[in-house]
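Structure at a glance
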Amino acid sequence: MTSLSVNLNKIALVRNTRTNGIPSVARAAEIVLREGAQGVTVHPRPDGRHVRPHDIGDLSAIVKMFPGTEFNIEGNPFHGLLQFVRQVRPHQCTLVPDESGAFTSDKGWDLSVDATRLAPIIAEVKSMGVRVSLFMDPNPEAMATARAIGADRVELYTESFARSFGGPDSGRELARCREAAQAAMKVGLAVNAGHDLNLQNIRSFLTAVRGVSEVSIGHALIADALEFGLAATVRKYLGAIQKSFGAT
C-alpha cells in the first residue's frame, strides 16, 4: 500500500501571517498522524515563509509519538537544508532543486549537470542513517544515474500529469510516469511521487503507476481541509489510495 505523507507547509504559511501561533503546525501533525497518515513532510525555505527552525524539532518529537510513521524533510541541500537533517535525523530527506525565491518546486534534478555535486551530499545524509530521495522529472533515462550516485528513492514530479488530468494528454503523461517508475525500480530505487496530486487524480495515478511507495501531498490536501476539516480530509485521501489498490 502506498503511504501518505502530509506536507504541512501551508499550515505554517497561514500561521506566519500572525504572531499568535495559530494555526498550530504541531497540532496539525498530531491530527494527520492520528487519522492514519503514515508521515509528515516539511520544506523549510531560506526566506522562512513556511516552516521555521523551531518547527523541525517539534515535529520530529511528534512523529516519534506515533510508531511506524515517518518524518520527511525536503528542500535544496545547497540552501541550508542539511542543518535540519543534522539536527533531527529524519527518516527521509528529499533533495529538491528549487531556487531560493521559487514560488514552489517546479522541476527535478538534471543529473547530467548536478550528479557530481550531489553525490557527496547524498553520502553525508546516508551516513546519518537517513534515507535519501531525489526529486526527479519522470525521465526513465535518468534513473540509473540517480541510483549510481547513491539515492535510495526518487520522488517523481507529477505536475505535468496533474495539469493534463482529464484532457487528451493525460494518458501520455501517465505513461511517462509509469515508465520512469519502472526504470527506477529496475535499478533498485524505490519510488515516491508528489506535486499537485489531489482527490480527483490520485486514484488514476496510483492505478496506472504501480509500486509507488509514498505520495507527498500538501497544497491540495490543506485546501480540501478548509471544506471537510483536516481529520476528515486525511481519511478521504487514505480512502482514495486504498481504492486504487482495488482497481484493475
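See the structure printed just above.
In what follows, the accompanying structure is described. Because the structure is predicted, anything quoted here is derived from the model rather than measured.

Take the overall build of the protein next. On a plain count of helices and strands, the protein comes out with eleven helices and eight strands. Here the C-alpha radius of gyration of the protein, 17 Å, is about what a compact globule of 248 residues would show, namely 18 Å. Each principal axis of the C-alpha distribution contributes one length, and for the protein these read about 50 × 40 × 35 Å. Among the 248 residues that make up the protein, the fraction classed as buried is 54%.

To continue, consider the layout of surface pockets. Approximately 210 Å³ is the volume attributed to the second largest pocket. Looking at the lining of the second largest pocket, the element that brings in the most residues is helix H10 (residues 219–228), giving five residues. Here the residues of the lining of the second largest pocket are counted per class, giving nine nonpolar, one polar and one charged.

Where helix H3 (residues 53–64) is concerned, the buried positions are Asp-55, Ile-56, Leu-59, Ser-60, Ile-62 and Val-63. The buried residues of H3 occupy one face: seen down the axis, they fall within an arc of 165 degrees. Of the exposed residues in H3, the ones pointing more than 90 degrees away from its buried face are Pro-53 and Lys-64. Check the buried side of H3 and you find it contacts helix H1 (9–15), helix H2 (25–34), strand E2 (39–42), strand E3 (70–75) and helix H4 (81–88).

Here the focus is the pattern of salt bridges. If you walk through the whole model with that rule in mind, you get 13 salt bridges. The salt bridge involving Arg-131 is made with Glu-70; its shortest N-O contact spans 2.5 Å. Placement of Arg-131 in strand E5 (residues 131–136) and of Glu-70 in strand E3 is noted, with a sequence separation of 61 residues between them. According to the relative accessible area criterion, Arg-131 is buried, its value standing at 19%. Owing to a relative accessible area of 24%, Glu-70 belongs among the partly exposed residues under this scheme.

Criteria and cut-off values
Positions within a chain are numbered from 1, following the residues in the order the chain's sequence is written. Where local features are concerned, this predicted model is filtered to residues with pLDDT of at least 70; where side-chain atom pairs are given and counted, the filter is 80 or more; whole-chain, interface and lining totals use all residues. Just so you know, side-chain values use all the structure's heavy atoms and leave hydrogens and water out. Think of it this way: any DSSP run of H or I at least four residues long counts as a helix, any run of E at least two long counts as a strand, and we number them from the N terminus. This radius of gyration counts C-alpha atoms alone. The globule rule is 2.2 Å times how many residues there are, raised to the power 0.38. Working definition: with a 1.4 Å probe on protein chains only, accessible area under 20% of the residue-type maximum means buried, over 50% means exposed, and in between means partly exposed. Every definition here rests on a 1 Å grid over the protein atoms only: cavities are sets of points where a 1.4 Å probe fits but cannot get out, pockets are open sets enclosed by protein on both sides within 12 Å along at least five of seven lines, and lining residues have some atom within 4 Å of a point. Grid points are joined across faces, edges and corners, and a volume is the space filled by probe spheres set on the points. Classification convention: Asp, Glu, Lys, Arg as charged; Ala, Val, Leu, Ile, Met, Phe, Trp, Tyr, Cys, Pro as nonpolar; all other residues, Gly among them, as polar. What the arc measures is the spread of directions leading from the helix axis to the C-beta atoms. Note on definitions: a residue-residue contact is assigned when non-hydrogen atoms from the two residues lie within 4.5 Å. Put simply, a salt bridge is a Lys or Arg side-chain nitrogen that is within 4 Å of an Asp or Glu carboxyl oxygen.

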